[in-house]
Amino acid sequence: MILRPPTYLFLLLISLASAGAAERVQFNRDVRPILSDKCFHCHGPDDKKREAGLRLDVRAEALKKGESGSTAIVPGKPDLSAVIERITTTSTDDIMPPAKMHKAVTKAEIELLQRWIAEGAEYQGHWAFEPVRAPQVPQVAGAAMPVDAFIRQQLQKQGLAPSPEADKATLIRRVTLDLVGLPPTPEDVRAFVADTSPQAFEALVDRLLASQQYGEHMARQWLDFARFADSNGFQTDSSRSMWPWRDWVIRAFNDNLPYDQFTVQQIAGDLLPNAAQDQVIATGFNRNHRINGEGGIIAEEWRIENIIDRVETTSFTWLGLTLNCCRCHDHKYDPFTQKDFYSLFAFFNNVEESGTIQGASNRSGGNSVPFLKVTSAEQKAKLDALQAAANAATKAVRTAEKDLPKLVAAWEPTLADSKQVAKSAWQRLEPESVTSKFGATLTRQADGSYLAGGKNPPKDVYVFDAAMPADGASAFLLECFPDPSLPNQSLGRHPNGNFVLSDFDVFVQKPGGKPEKQVVAKASADYSQKGYEIGGVVDKKSGRGWAIDGPTKRDPRRAMFVLKTPLPPQAGAKLLLRLRHEAITSHNIGRFRLSWAAADAGEVKLDGDTSLAEIKLIAAIPAAKRTPDQVKRLHTFFRANVESPLRAADQALAAASSALTTFEDTLPTTMVMKEAATPRDAFVLTRGEYDKPAAKVTMATPAVLPPMPKGAPLNRLGLAQWLVAPENPLTARVWVNRAWERFFGNGLCKTTENLGSQAEYPLHPELLDWLAAEFMRSGWDMKAMMKLIVMSQTYRQSSAVTPAMVAMDPENRLLARGPRFRLTGEVVRDQALALGGLLVPKIGGPSVRPYMPEGVWDETSKYGDLRGYKADAGDGLYRRTLYTIWKRTAAPPTMMLFDAPTREICTVKRSRTNTPLQALALLNEVTFVEAARGLAQLMIQKGGTTPEERLRYGYLRATSHELEPAAMAVLLKGLKERLAWYAAHPEDATKLVSQGQSKPAEGIAVPELAAYCTTASVLMNLDRVVTRQ
Amino acid sequence: MNATSLRLQDHLNRRIFMGRSTAALSSIAMASLMEGRAQAAPVFPNFAPKAKRVIYLFQSGAPSQMDLFDPKPQMEKYRGQDLPASIRQGQRLTTMTSGQKSFPVAPSMFKFNRHGKSGTVLSELMPYIGTVADELCVVRSMFTEAINHDPAITFCQTGSQLAGRPSIGSWLGYGLGSMNQDLPAYVVLTSFGTGRKEDQPLYDRLWSSGFLPTQHQGVKFRNAGDPVLYLSNPEGLNRGLRRQMLDELSALNEADHAQGGDPETLTRIAQYEMAFRMQTSVPDLVDTSKESQAVLDMYGPDVHKPGTYAANCLLARRLAERDVRCIQLFHMGWDHHGGLPNAIRGQCSDTDQATAGLIKDLKQRGLLDDTLIVWGGEFGRTIYSQGTLTETNYGRDHHPRCFSLFLAGAGVNKGTTYGETDDYCYNIVRDGVHVHDLNATIMHLMGVDHERLTYRFQGRDYRLTDIHGTVVKGLLA
């Protein structure tokens, strides 16, 4: 499936910016790349692996007499330099690098090294670690802007001329796709082409930078850096909610938050004084990593992995450094040590987190602590109002409480009639016998509960027989308690502490009669495990039952079973209760108690009191002799069960609190960074392994880079300030280099992912530095830098190219022509939606579910809550792609075909490939078929009345250009043939135009629409449409 | 990076040309260009390959080695006794069993038999595989580093426990290229098992190209609908119309190329033509209606149910016939923490006959001579029972320190059993084979020196075997 290049392409690589024969060899440009790649591995910064004590990355070391008595580098004397001898020797034993490294030095490289030593073997510091200084802008005729001056100076050296400016239609399409990721409308194009003022282009750029779609488009790449997704990753890969962070990124770009603040807020917004909600949300950057919840994992192993991920992602994103190499050992190429790595680790090590997802939330999804409830201004107002109401209700309760003793005294005499006074109270059901059907022991406890012990049968049944209560019974209460003797000190008998109650059977046996089964009409519980709701006990079809997350939750639980028909009092009748555990093996209840109530079904309450028997005893004690504890119990019972003004106040408070909680539960949450009160200790980890701590380290930035700014606190905030300090040589260079890559396809230094020693030496080092300096000078103004780049003549050149130019500079590194490359997958899809008039421009909010292939999440997983993918109805199908729900282990398939990463780890650079699978997607995926139909409709509705007019409109919409006669002829012929074909095959036409959820426009003949749909699809698949040129 | 430059980058990265990209070139000028030409002949394969293609039958979830390949009859006398500390040696356990009060030895309840001329010993659970025993090289001394599924499978596939590295199929496709014009170089087929119907998930990452160009990612064939995503034209649009549309597309693209001159535009045309060819080559591939009854019978009754392991084995043979470089099946459901005897019976009934059928079918077509087969999972299982041990039931936890798998086909030392574990099947006593060693050996059989197939990423030359791995001579014919 690889499209293999013909061999002649190798010829096309040419010398672009060389040290000509007369020019001095430059260490950084010419020599460092050779030494770094071929020598530093054994003779570089890593002192643990250094061979023969020889170090070549530091001049003083390289010039010393070595262990063997020879000297590696003798300035001015290549013939006496051991380095030259060892790379040129014919001895297979002595040759460097050793053959097993597969890194032979080429003849040309040898010559360069010889020349460099002959010229004095001068070293330079690695260019990217040198301070950023704005170089002098060269004076070049015709270059109005510094960017152009630098580029043209280089072109002149090569004897090349820049290309003319692209035509206006091409320009508006290029800059619109680049800045907002959507195509211009035909109206935009026509207006721009018609505007002949010199400021027309600048006005266009300003308009695009000010549009809300700009932030969306810029955010897209940042999501790759931040490994943003809607799932937790790893085996179960259940859902999480980080979209408030994603929306923050969009806002930050749209508000043009300066990059230094953009950085500080994401690294340490929580540590800013009086941090605003938005600043805390921003710290989600470092919570976007995956979290593992696989059964049996060792939590600390995965907490360490998460922190390492933060260090790596932060260093890739801001510093363009591969510090990940230092996880296990000192860096092989760059002057960073393993200690540097773990000193950075220490900054991220102090969040109160387990590192894993525990228990049920692994399967059911959700955010892991620490997280933040996020409110809009409107929601904040409502939240405040609800909070105020709850406060007022609390106050009212305090006032009413003063009357409590009086109220209780008045009530006590009526206590004898229990049915009247405490309708919702439960009375303990005293059994005649309690046994396990399969041989467990059930032992009565002081509180009247029964504790299971002995053997734990696979599917036990608890047999509980009692006399019919004096008042009859309408409902039963099952209380389950944790016990230290139970597995996991929890509530169930399974080794993990869980239970599953499959049935709660009630029989009545009248004297001399047979047991008669009663119907349980309703069951409710104060807590149910997801997937094991209490309703399953009543619903026989469920095949499951009631479970309570025993492995993780150890609180007492209660469940209530209400009979369809209340049982009347009947002397001599027996109640036979059966608690069955037949859903899952060995999941038996550990400790339980049963109570009854006789009130009407509507009045029994799950949280009703269970202590009536005890209360009656207390009431029988003369008031003066009651202990304070007894008084308290009496009062508590009264408040909970007897109507009074206080109870009304209590109920009002409960309602207000519940309204508050209910509303709070609707608020989205997002994971954030939050420092624990005491920092954790951090250590160098031997070989990077979590269980091999070595020397203790403290928070510190890498030793070879400039120190933290004066006054910066020693925490994440200080680290953030260090990243954006003007002395930091990397942050600005990394950013402008990637900005350049965004517009030109390659960075000025091509290895935008790595500016370390192994990086490419930039083709235009002065321009890179000038841009970096300008970025900082502008106050880290991202929009200003975007504008500065796109306003340049270099950016505005035509991308047309001759075979000679392709041969000369296949990758267009010199920029003698405008940039041309395929759009990203997201832009390809967004553009299709826009061309088809389907795009829903709503910004932000929870992620949406557009069309995906049937079974996209289910073919390889039956775990977690992200299963059974179902596309949204309506708007969710037509939102921009950055809102598409992203499950990391089964990422959106079309995006995967278009080079999107899985978002499991930080990705700062995507590949850009062409495969037939992409073509199949663009031709056949329902989104694109529906979009083609949308475009067809617009051609018919807006294009005019003749096929020619309609084709012209469609072509303009798709390409921003006028249709040439030759192409018109091709398209017209095909359209006419298909018009005829579909007229003869109306049923096929109906099938084709019925793709997708939106309905075809009324009033257009279906065969006609189908034919236009095919031609619209041709237009949308044109190379010039999926490419920005 | 456009496609042209990307391909150039591929080749540069493959060391065909020279060590570094254009910057280094820049200072070297024409002389080195000539040198580059001299080196431009492909370096892969590095030597004559034994296998042109590999079919890797991944048994996901970790099959129990002492119930399938590595009999320990002597364990019967220790039944129920605690695993001796001298055997465990304080090695870590998962938190699923680290809290157990005891680690009762659970001898396998399955019988083992000798098969074929070689006398290869296999469990009674694999009667069909027994009939091809003389084709197998059973390895009893595999070991790995990870103790949980996700990192362990990722490790087998990419040489790293963490996400982000290319998978073995991507490496092979990248290094060796495709052998055909209308199918992917790396195809993945998945199936759920009947032993544990819900277990365990797989992840896109397992066949991802990592940092290699995306075109090298495995193409997962789907078990329902189009086998390849978006393969079918939309309803109401037939192949004749599609051809007509593509002709218009080509005509317009060619005109644009005449004006704009970007070679990428020609690539685009080729891309659409290849897609058009796939629209017939893939349906032809998955259409098994012309397979003879005798052949279908070899794979067992499940072969008629799309998406089963057996049906995928048949597809694997058809993919091999069409010279797909790397074919990988993932069969889920081998994670038997509890109720192992029943679950493993289910898994074996899924896989036993079909695996044997595949080997025989390849052999009768002469394809076994240049096809490598690998059958195995991500780690082993513990000799001690997880949960209660009874006469007829036990479970086993994860065990990275030894496990078994087998190879068959091209270049394999067939009819042999390699390596040895201790009495408790807990530690390796002879000829340990690390996952990196296995991967190095697979690459070796494919004609690739695993130390030389590297890719420059973030300044470092990465390879499948990281900085480890030794070709295991004992596994080679």
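Treat the numbers as computed from the prediction; the structure is a model and nothing was measured.

(A) Just the overall build of chain B, in detail. Per the secondary structure count, chain B includes 14 helices and 17 strands. Radius of gyration (C-alpha) of chain B: 24 Å, near the 23 Å computed for a compact globule of 477 residues. Expressed along its principal axes, the backbone C-alpha trace of chain B runs to roughly 85 × 55 × 45 Å. Considering only residue pairs separated by 6 or more positions, chain B has 76% of its internal contacts joining residues 24 or more positions apart.

(B) Layout of the overall build of chain A. Across its full length, chain A carries 38 helices and 20 strands. When each of the 1029 residues of chain A is scored for burial, the buried share is 51%. Pairs at least 24 apart in sequence give 71% of the contacts found in chain A among residues at least 6 apart.

(C) Representation of helix α30 (residues 825-835) of chain A in the model. Within α30 of chain A, eleven of the eleven residues are buried, which leaves the element mostly enclosed by the surrounding structure. Just downstream of α30 of chain A, Gly837 of chain A is the residue with a positive phi angle, here 70°.

(D) Looking closely at the domain arrangement of chain B. Residue and element names in this part refer to chain B. The assigned domain composition of chain B is domain 1 (53-224 + 306-475) and domain 2 (228-288). The partner domain 2 presents nine residues to the ten residues of domain 1 that form the contact. At four residues, the largest contribution of residues to the side of domain 1 that touches domain 2 is made by helix α12 (residues 309-321).

(E) A look at the interface of chain B and chain A. Across the boundary between the two partners, chain B contributes 97 residues, which contact 114 residues of chain A. Secondary structure elements with two or more residues in the side of chain B that touches chain A: α1 (3-13), α2 (22-26), α3 (29-38), α7 (149-158), α9 (239-260) and α10 (263-286) of chain B. Here the side of chain B that touches chain A gets twelve residues from one element, more than from any other, and that element is α9 of chain B.

(F) Expanded view of unusual backbone geometry. All names here are of chain A. Here Met96 and Pro97 are connected by a cis peptide whose omega angle stands at -15°. Tracing the backbone shows Pro97 in the loop between α4 (82-88) and α5 (107-118). With omega at -5°, the peptide bond leading from Val369 into Pro370 counts as cis. Residue placement: Pro370 occurs in the loop between α16 (360-364) and β1 (371-373). Look at Phe234: it is not a glycine, yet its phi comes out positive at around 60°. With respect to the helices and strands, the residue Phe234 is situated in the loop between α10 (212-225) and α11 (243-254). On the basis of neighbour counts, which here come to 30 C-beta atoms within 10 Å, the residue Phe234 falls in the buried class. Backbone geometry at Arg687 places phi at a positive 50°, although glycine is not the residue there. Residue position: Arg687 is located in the loop between β17 (682-685) and β18 (693-697).

(G) Structural detail: the sheet that holds strand β14 (residues 574-580) of chain A. Residues and elements named next belong to chain A. With antiparallel pairing, five strands are arranged side by side in an open sheet as β3-β6-β14-β9-β10. The sheet is open, and its two borders are formed by β3 (431-436) and β10 (515-517), each paired with just one other strand. With strand direction ignored, the average angle separating the axes of adjacent strands in the sheet is 20°. Examined bridge by bridge, strand β6 (residues 461-467) and β14 share seven bridges and lie antiparallel to one another. Among the inter-strand pairings, Val461 is bridged to a residue of β14, identified as Arg580.

(H) Here's a closer look at the environment of Tyr462 of chain B. Residue and element names in this part refer to chain B. Structurally, the position occupied by Tyr462 is in strand β17 (residues 460-462). Judged by the 23 C-beta atoms lying within 10 Å of it, Tyr462 is buried. Spatially, the C-alpha atom of Tyr462 lies 14 Å from that of Ala163, the residues being 299 residues apart in sequence. Not counting chain neighbours up to four residues away, the residues in contact with Tyr462 comprise Thr454, Tyr455 and Phe457.

(I) Seen up close, the packing of α30 of chain A against helix α33 (residues 926-942) of chain A. Residue and element names in this part refer to chain A. Running from amino to carboxyl end, α30 crosses α33 at an angle of 30°, the nearest separation of the two axes being 7 Å. Seen from α30, the contacting residues are Arg829, Ala832, Leu833 and Leu835; seen from α33, they are Thr927, Phe928, Ala931 and Leu935. Counted by class, the contact of α30 with α33 contains six nonpolar, one polar and one charged residues.

(J) View of the packing of helix α34 (residues 947-959) of chain A against helix α35 (residues 965-984) of chain A. Residue and element names in this part refer to chain A. Interhelical geometry of α34 versus α35 gives an angle of 120° and a closest axis separation of 10 Å. Regarding α34 and α35, the two cross each other, and that crossing is right-handed. Listed contacts from α35 to Pro947, Glu948 and Leu951 of α34 are Met968, Leu971, Leu972 and Leu975. Its residues assigned to classes, the contact of α34 with α35 shows six nonpolar, no polar and one charged.

(K) A look at the pairing of strand β5 (residues 186-191) of chain B. All names here are of chain B. Among the six residues that make up β5, six are buried, leaving the element largely enclosed by the rest of the structure. Burial along β5 is two-sided: Tyr186, Val188 and Thr190 and Val187, Leu189 and Ser191, pointing in opposite directions, are all buried. The pairing of β5 with strand β7 (residues 326-331) spans six bridges and is parallel. Residue Thr190 lies in a different strand from β7, and its bridge partner there is Phe330. Where β5 meets strand β6 (residues 219-220), two bridges bridge the pair, whose relative direction is parallel. Its bridge partner lying in β6, Val187 is registered against Val219.

(L) Quick look at the environment of Leu80 of chain A. Looking at where Leu80 of chain A falls in the secondary structure, it is placed in the loop between α3 (59-62) and α4. The sequence separation of Leu80 of chain A and Pro566 of chain A amounts to 486 residues, and the corresponding C-alpha distance is 107 Å.

(M) Looking closely at the confidence of the model for chain B. For chain B, per-residue confidence averages 89 on the pLDDT scale, and 91% of positions sit at 70 or higher. Listed scores for the predicted complex are pTM 0.83 and ipTM 0.84.

(N) Structural detail: the environment of Ala466 of chain A. Residues and elements named next belong to chain A. By the element assignment, Ala466 lies in strand β6. Distance from Ala466 to Asn292, taken between C-alpha atoms, is 49 Å for residues 174 residues apart in sequence. Residues within four places of Ala466 in sequence aside, it is in contact with Leu429, Glu430, Pro431, Glu432 and Leu575.

(O) Just the confidence of the model for chain A, in detail. The share of residues in chain A with pLDDT of 70 or more is 97%, and the mean pLDDT across the chain is 92. Predicted confidence is poor over residues 1-18 of chain A, with pLDDT under 50, and the contacts of this stretch with residues over four places away or in other chains come to 48 contacts.

(P) View of the pairing of strand β13 (residues 557-567) of chain A. Residue and element names in this part refer to chain A. Direction of pairing for strand β7 (residues 473-480) relative to β13: antiparallel, over a ladder of seven bridges. Across the sheet, Leu478 pairs through a bridge with Ala559, a residue of β13. In this sheet, β13 lies alongside strand β11 (residues 520-525) in antiparallel orientation, the contact comprising five bridges. Pairing of Ala525 across the sheet is with Ala559, part of β13.

(Q) How the structure looks around helix α17 (residues 377-401) of chain A. Residues and elements named next belong to chain A. For α17, spanning 25 residues, the distance from its first C-alpha to its last is 36 Å, which sits close to the expected 36 Å at 1.5 Å a residue. Among the residues of α17, Ala390, Ala393 and Ala400 are the ones counted as buried. Elements in contact with the buried residues of α17: α23 (645-666).

Rules used in this analysis
- Residues numbered from 1 in each chain as written.
- Chains lettered and ligands numbered in written order.
- Predicted model: local features only at pLDDT ≥ 70, side-chain atom pairs only at ≥ 80, totals over all residues.
- Helix = DSSP H or I, 4+ residues; strand = E, 2+ residues; numbered from the N terminus.
- Rg over C-alpha atoms; globule rule 2.2 N^0.38 Å.
- Contact = placed C-beta atoms within 7 Å.
- Buried ≥ 20, exposed ≤ 12 C-beta atoms within 10 Å, placed from the backbone.
- Domains from an automatic or database assignment.
- Pairing = 2+ DSSP bridges.
- Axes fitted to C-alpha atoms, helices over the stretch in contact; angles between N-to-C directions.
- Nonpolar A, V, L, I, M, F, W, Y, C, P; charged D, E, K, R; others polar.
- Left-handed = near helix turned anticlockwise from the far one by under 90°.
- pLDDT = per-residue confidence, 0-100.
- Expected span 1.5 Å × (residues − 1).

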